[in-house]
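In case you want the letters, here they are:
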Amino acid sequence: MVRYFSNSADIGSAWEHVASAFWRRYPNPFSAHVLTEDVLHRELTADGRRLLSRRLLTKTSRLVPPRWAERFLPGGGGGNGGADNASRCVVHLLEDSVVDPVSRSLTTYTTNVSHVALMKVEERCVFRASEEEQPSSSSTSSSSSTQLRRDVWISSGVYGFNRAIQEVALARYKANQRNAMKGLEYALSRLQDGGGEPSSGTDTTMKDEG
């Protein structure tokens, strides 16, 4: 059984600004757990319209509560060492992205490539210029905004614990996404202020849908 969740957000900045800030999110004060980001591949499509990228992200994460999950993690099985490993794990994520400046959309597909025996989290994010802005190919006025749609699928093959792991993972995902939005807003503020201290000019509203 797969646990599905989705939410949406309205970001009070033009898509061009959001797409630019996306690549400049790290480091920021809200994502200290992100250790590295490495570009593995990048190319333009044959028609020169879209930019395709693949990145490897390395983060630290508390995957699940250590008391009952340490047996499933490397070095687990009891003792303080297992609990420490469970509470702070290194996680590798693979992120594929497609940037289409013509349709004004940025789509990312992210999944963990480590600890997959414990759980697998697959996420799709679509940043798209607000519908009312789409007909205008050149308008990026201050009233422009960007719509973000997130879909996430969480699965676990740990017999007897899969549902509990999925629910804890979903709770952690929601908490992490709040920080992720703060990090994006931080990058947007620095971009719009020319790299200075963040301002309060970026407005974001979020809505859970599942």
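All of the points below concern the structure found in this document.

The rules behind each value
- Residues numbered from 1 in each chain as written.
- Predicted model: local features only at pLDDT ≥ 70, side-chain atom pairs only at ≥ 80, totals over all residues.
- Heavy atoms only, no water.
- Helix = DSSP H or I, 4+ residues; strand = E, 2+ residues; numbered from the N terminus.
- Buried < 20%, exposed > 50% of the residue type's maximum accessible area, 1.4 Å probe, protein only.
- Contact = heavy atoms within 4.5 Å.
- Areas by Shrake-Rupley, 256 points an atom, 1.4 Å probe, with all protein chains shown as cover.
- Pairing = 2+ DSSP bridges.
- Core = buried A, V, L, I, M, F, W, Y, C linked by side-chain atoms within 4.5 Å.
- Expected span 1.5 Å × (residues − 1).
- Arc of directions from axis to C-beta.
- Salt bridge = Lys/Arg side-chain N within 4 Å of Asp/Glu carboxyl O.

**A few points about the overall build of the protein**
Right, so step 1: Scanning the protein from terminus to terminus reveals four helices and eight strands.
Right, so step 2: Helices and strands appear in the protein in the N-to-C order β-α-β-β-α-α-β-β-β-β-α-β.
Right, so step 3: Going through the 210 residues of the protein one by one, you find that 40% of them count as buried.
Right, so step 4: Restricting the contact set of the protein to residue pairs at least 6 apart, pairs at least 24 apart contribute 64%.
Right, so step 5: In the structure as shown, the protein presents an accessible area of about 11000 Å², 51% of it carried by carbon and sulfur atoms.

**Describing the environment of A21**
Right, so step 1: Structurally, the position occupied by A21 is in helix α1 (residues 15–22).
Right, so step 2: Residue A21 is classed as buried on the basis of its relative accessible area of 0%.
Right, so step 3: Excluding residues within four positions of it along the chain, A21 makes contact with L184, A187, L188 and L191.

**A short note on the pairing of strand β4 (residues 89–100)**
Successive residues of a regular strand alternate their side chains across the two faces of the sheet.
Right, so step 1: Note: strand β3 (residues 51–61) against β4, eleven bridges, orientation antiparallel. Within β4, the position partnered with K59 by the bridge is V91.
Right, so step 2: As judged from the eight bridges shared by β4 and strand β5 (residues 105–112), these two strands associate in the antiparallel manner. Residue pairing in the sheet places V99 in a bridge with L106 of β5.
Right, so step 3: Linkage of β4 to β5, two consecutive antiparallel strands, is achieved through a turn of four residues, within which R104 is found at a positive phi near 55°.

**What to know about the nonpolar core**
Right, so step 1: Counting 17 residues, the largest nonpolar core has I11, W15, F127, L148 and L184 as the members making the most contacts within it.
Right, so step 2: Elements represented by at least two residues in this core include exactly β1 (3–11), α1, β6 (120–129) and α4 (162–192).
Right, so step 3: Broken down by element, the residue count for this core peaks at five residues, all from α1.
Right, so step 4: Residues in contact with W15, not counting those within four places in the same chain, are V99, D100, P101, R104, S105, L106, F127, R128, A129 and T146.
Right, so step 5: In this structure, F5, I165, L170 and Y173 belong to the second largest nonpolar core, which totals ten residues.

**Considerations on α4**
Right, so step 1: Here α4 spans 44 Å end to end across 31 residues, near enough to the 45 Å set by a 1.5 Å rise per residue.
Right, so step 2: Downstream of α4 by one or two residues, G194 has phi in the positive range, about 75°.

**Comments concerning α1**
Right, so step 1: Where α1 is concerned, the buried positions are W15, V18, A19, A21 and F22. Mapping the buried residues of α1 onto a view down its axis gives an arc of 165°, with all of them on the same face.

**Considerations on unusual backbone geometry**
Right, so step 1: Here the bond from Y26 into P27 is cis, since omega is -5°, no more than 30 degrees from zero.
Right, so step 2: Within the secondary structure, P27 is located in the loop between α1 and β2 (34–44).
Right, so step 3: For R104, which is not glycine, the phi torsion reads 55° and is therefore positive.
Right, so step 4: By relative accessible area, which is 3% here, R104 ends up buried.
Right, so step 5: In this model, H115 sits at a positive phi of 60°, which is unusual for a non-glycine residue.
Right, so step 6: Mapped onto the elements of the fold, H115 is located in the loop between β5 and β6.
Right, so step 7: Look at H115 and you get buried, because its relative accessible area is 18%.

**Comments concerning the pattern of salt bridges**
Right, so step 1: Under the counting rule described, the total for this entry stands at nine salt bridges.
Right, so step 2: Linking R49 and D100 is a salt bridge whose minimum nitrogen-to-oxygen distance equals 3.1 Å. Of this pair, R49 sits in the loop between β2 and β3 while D100 sits in strand β4, placing them 51 residues apart in sequence.
Right, so step 3: Here D100 falls in the buried class, since its relative accessible area comes to 8%.
Right, so step 4: The salt bridge partner of R54 is D96, with a shortest N-O separation of 2.6 Å. Remark: D96 occurs in strand β4 and R54 occurs in strand β3; sequence separation between them is 42 residues.

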